[in-house]
Amino acid sequence: MKPQAASNLEIQEGEATNQVEVLGLPSRRLMNQSVGMVSRKKSLGGILVVDDETANRKLLRLILEYAGYDILEAEDGQEAINVLSSGENPMTVDLIITDLNMPKVDGFEAITAFQKEYPSIPVIVLTGIGDREVETSFRRQGVSDYLMKPVDVRTLLASVTDAIAQRQLSCA
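Note that the structure is predicted; figures quoted are calculated from it, not measured.

Conventions we followed
- Residues numbered from 1 in each chain as written.
- Predicted model: local features only at pLDDT ≥ 70, side-chain atom pairs only at ≥ 80, totals over all residues.
- Heavy atoms only, no water.
- Helix = DSSP H or I, 4+ residues; strand = E, 2+ residues; numbered from the N terminus.
- Buried < 20%, exposed > 50% of the residue type's maximum accessible area, 1.4 Å probe, protein only.
- pLDDT = per-residue confidence, 0-100.
- Contact = heavy atoms within 4.5 Å.
- Arc of directions from axis to C-beta.
- Polar contact = N/O pair within 3.5 Å; in protein donor to acceptor, adjacent residues only side chain to side chain.
- Phe/Tyr/Trp six-rings, centres within 6.5 Å; stacked < 30°, edge-to-face > 60°.
- Pairing = 2+ DSSP bridges.
- Axes fitted to C-alpha atoms, helices over the stretch in contact; angles between N-to-C directions.

**Comments concerning unusual backbone geometry**
Backbone torsion omega between Lys149 and Pro150 reads -5°, so that peptide bond is classified as cis. Of note, Pro150 is situated in the loop between strand E8 (145-148) and helix H6 (153-171). With phi around 60°, Lys104 is a residue other than glycine that occupies positive phi space. Relative to the helices and strands, Lys104 is located in the loop between strand E6 (95-98) and helix H4 (107-117). Overall, the relative accessible area of 68% leaves Lys104 in the exposed class.

If you want it as structure tokens, here you go:
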């Protein structure tokens, strides 16, 4: 197996099995076996992952599903807005995780739309843009967290847990 970086999120691809292993988590094969042994009765929440990089979305899906969340994906801000407004969405979205640099509708525009139309849904920015002014601006606008790629899995999961807990408290 040879490690490779996929848009700043680290993954390893198994050559023979084409399985994806998240660094720092058990292999997908082990996760699938353990999921079969433990029946998860209730999801920890629904998350919409918005990123134009397919590998990033798949990796985030793997991490977050393993942690107990239900996941929807969108490849850009426009698709994310469509997913939220379509009414065909079978799950409740409790959190949005979005990149900033994307085609069509970028993260900057999408966050504005999310906050206008869905103000109760927290937003976490996960980006490669390391600009303190941008981060400060988003925090002033009410973004739950601003994380830099590559992100540590524990940091990501702590941020997700905190954002969903805050939403549940504010909706109670």
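**Topic: the confidence of the model for the protein chain**
Low pLDDT marks stretches whose predicted atomic positions should not be read closely. Of the residues in the protein chain, 74% reach a pLDDT of 70 or more, and the chain-wide mean stands at 81. Low pLDDT (under 50) marks residues 10-39, which in the prediction has 44 contacts with non-local residues, meaning those over four places away or in another chain.

**Some remarks on H4**
Within the sequence span of H4, burial applies to Gly107, Ala110, Ile111 and Phe114. Along the long axis of H4, the arc covered by the buried residues comes to 100°, so they all point the same way. Opposite the buried face of H4, by more than 90 degrees, sit the exposed residues Thr112, Lys116 and Glu117. Each element contacted by the buried residues of H4 is listed here: helix H3 (77-85), E6, strand E7 (123-127) and helix H5 (132-140). If you check the start of H4, you find a side-chain oxygen 3.1 Å away from the backbone N of Phe108, and it comes from Asp106.

**Some thoughts on the packing of aromatic side chains**
Overall, the coordinates contain two aromatic pairs when judged by the stated rule. Members of the aromatic cluster, connected to one another through ring pairs, are Phe108, Phe138 and Tyr146.

**Regarding the sheet that holds strand E4 (residues 46-50)**
Strand pairs in the sheet, formed through backbone hydrogen bonds, run parallel or antiparallel to each other. The strand order E5-E4-E6-E7-E8 describes an open sheet built from five strands, whose pairing is parallel. Of all strands in the sheet, those with a lone pairing partner are strand E5 (70-74) and E8, marking the two edges. Neighbour to neighbour, the strand axes of the sheet diverge by 20° on average, direction disregarded. Inspection of the sheet shows E4 paired to E6 by four bridges, in the parallel sense. Paired with Val50 across the two strands is Thr98, which belongs to E6.

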